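For reference, the chains in residue letters:
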Amino acid sequence: MRVLHTMIRVSDLEKSLTFYTNILGMKLLRLHEYPEGKFTLAFVGFGDEKDHAVIELTYNWGVTSYDKGNAFGHVAIEVEDAYETCELIKSKGGKVVREAGAMQHGKTVIAFIEDPDGYKIELIQAGTF
């Protein structure tokens with residue numbers, strides 16, 4: 001068994017694709033529209049689905065917002081340098097909601113960013129966890 005993908009619902013597919021591809025540097029791996037069901041699925045990731053877990057962006061046509069509730073936490077991504085990555089994300093128009101630094105009760109260097117729908121993404125600096 002292995003993790004294949006995490007699905008999140010997005011309110012503006014183009015904004016989300018821009019965020020995940022241009023700001024985070026993921027690749028659009030596949031996109032398929034389902035006119036009968038009025039939804040589009042876009043899969044993004046850092047590598048091919050056969051070797052990597054990816055994110056499935058689900059766009060339900062005409063839905064502009066979702067109640068995210070309080071059960072979902074975040075997606076985590078390992079980065080070489082969390083400080084540098086935060087600066088790069090900000091320079092591309094991304095939103096950093098917690099600057100890079102050591103976590104409160106440890107030495108792991110983390111930061112948090114948000115995608116266009118407000119989903120949190122944790123950046124974890126390699127070699128610090």
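Residues numbered from 1 in each chain as written. Predicted model: local features only at pLDDT ≥ 70, side-chain atom pairs only at ≥ 80, totals over all residues. Heavy atoms only, no water.

**Student:** How should I be thinking about the overall build of the protein in this particular structure?
**Tutor:** Within the protein, the secondary structure is distributed over two helices and eight strands. Each helix (α) and strand (β) of the protein, taken in turn from the N terminus, gives the series β-α-β-β-β-β-α-β-β-β. Computed over C-alpha atoms, the radius of gyration of the protein comes to 15 Å, within 12% of the 14 Å expected from 2.2 N^0.38 for 129 residues, which places it in the range of a compact globule. The C-alpha extent of the protein, read off along each of the three principal axes, is 50 × 30 × 30 Å. (Helix = DSSP H or I, 4+ residues; strand = E, 2+ residues; numbered from the N terminus. Rg over C-alpha atoms; globule rule 2.2 N^0.38 Å.)

**Student:** Sorry if this is basic, but what is going on with the sheet that holds strand β5 (residues 75–79) here?
**Tutor:** In any sheet, the strands associate via hydrogen bonds between backbone groups, in a parallel or an antiparallel arrangement. Strand order in the open sheet formed by four strands is β5-β8-β7-β6, and the pairing between neighbours is mixed. Sheet topology places β5 and β6 (95–102) at the edges, where each strand pairs with a single neighbour. Looking at each pair of strands side by side, their axes are set apart by 20° on average, direction ignored. Sheet analysis places β6 next to strand β7 (residues 109–114), joined by five bridges and oriented antiparallel. Considered in β7, the bridge of R98 is made with F112. The strands that helix α2 (residues 82–91) touches are β5, β6, β7 and β8 (120–125); relative to β6, the one it contacts most, it runs at about 165°. (Pairing = 2+ DSSP bridges. Axes fitted to C-alpha atoms, helices over the stretch in contact; angles between N-to-C directions. Contact = heavy atoms within 4.5 Å.)

**Student:** Any chance you could explain the sheet that holds strand β4 (residues 54–60) here in plain terms?
**Tutor:** Judged by pairing direction, the sheet is mixed, and its four strands sit side by side in the order β1-β4-β3-β2 without closing on themselves. One side of each edge strand has no neighbouring strand; the edge strands of this open sheet are β1 (5–9) and β2 (27–34). Across the sheet, the mean angle separating the axes of adjacent strands is 20° when strand polarity is ignored. Sheet topology places β2 next to strand β3 (residues 39–45); seven bridges connect them, and they run antiparallel. Across the sheet, H32 pairs through a bridge with L41, a residue of β3.

**Student:** Would you mind going over α2 with me for this structure?
**Tutor:** Three or four residues apart is the spacing at which side chains of an α-helix point the same way, because the helix has 3.6 residues per turn. By the burial criterion, the buried members of α2 are A82, T85, C86 and I89. In a view along the axis of α2, the buried residues occupy a sector of 100°, so they form one face of it. When the buried face of α2 is taken as reference, the exposed residues oriented beyond 90 degrees from it are E84 and S91. Looking at the buried residues of α2, the elements they touch are α1 (13–23), β5, β6, β7 and β8. N-cap assignment for α2: the residue whose side-chain oxygen lies 2.9 Å from the backbone N of Y83 is D81. Positive phi shows up at G93, right after α2, with a value of about 95°. (Buried < 20%, exposed > 50% of the residue type's maximum accessible area, 1.4 Å probe, protein only. Arc of directions from axis to C-beta. Polar contact = N/O pair within 3.5 Å; in protein donor to acceptor, adjacent residues only side chain to side chain.)

**Student:** Teacher, can you tell me more about the nonpolar core here?
**Tutor:** Inside soluble globular proteins, nonpolar side chains tend to come together where they are buried. Of all hydrophobic cores here, the largest spans 28 residues; its most connected members are Y20, L24, I55, L57, I113, I121 and L123. Top contributing element to this core by residue count: α1, with five residues. Setting aside chain neighbours within four positions, we find I113 in contact with F19, L24, I89, K95, V96, V97, Y119, K120, I121 and L123. (Core = buried A, V, L, I, M, F, W, Y, C linked by side-chain atoms within 4.5 Å.)

Any functional reading would require information beyond the geometric quantities listed.
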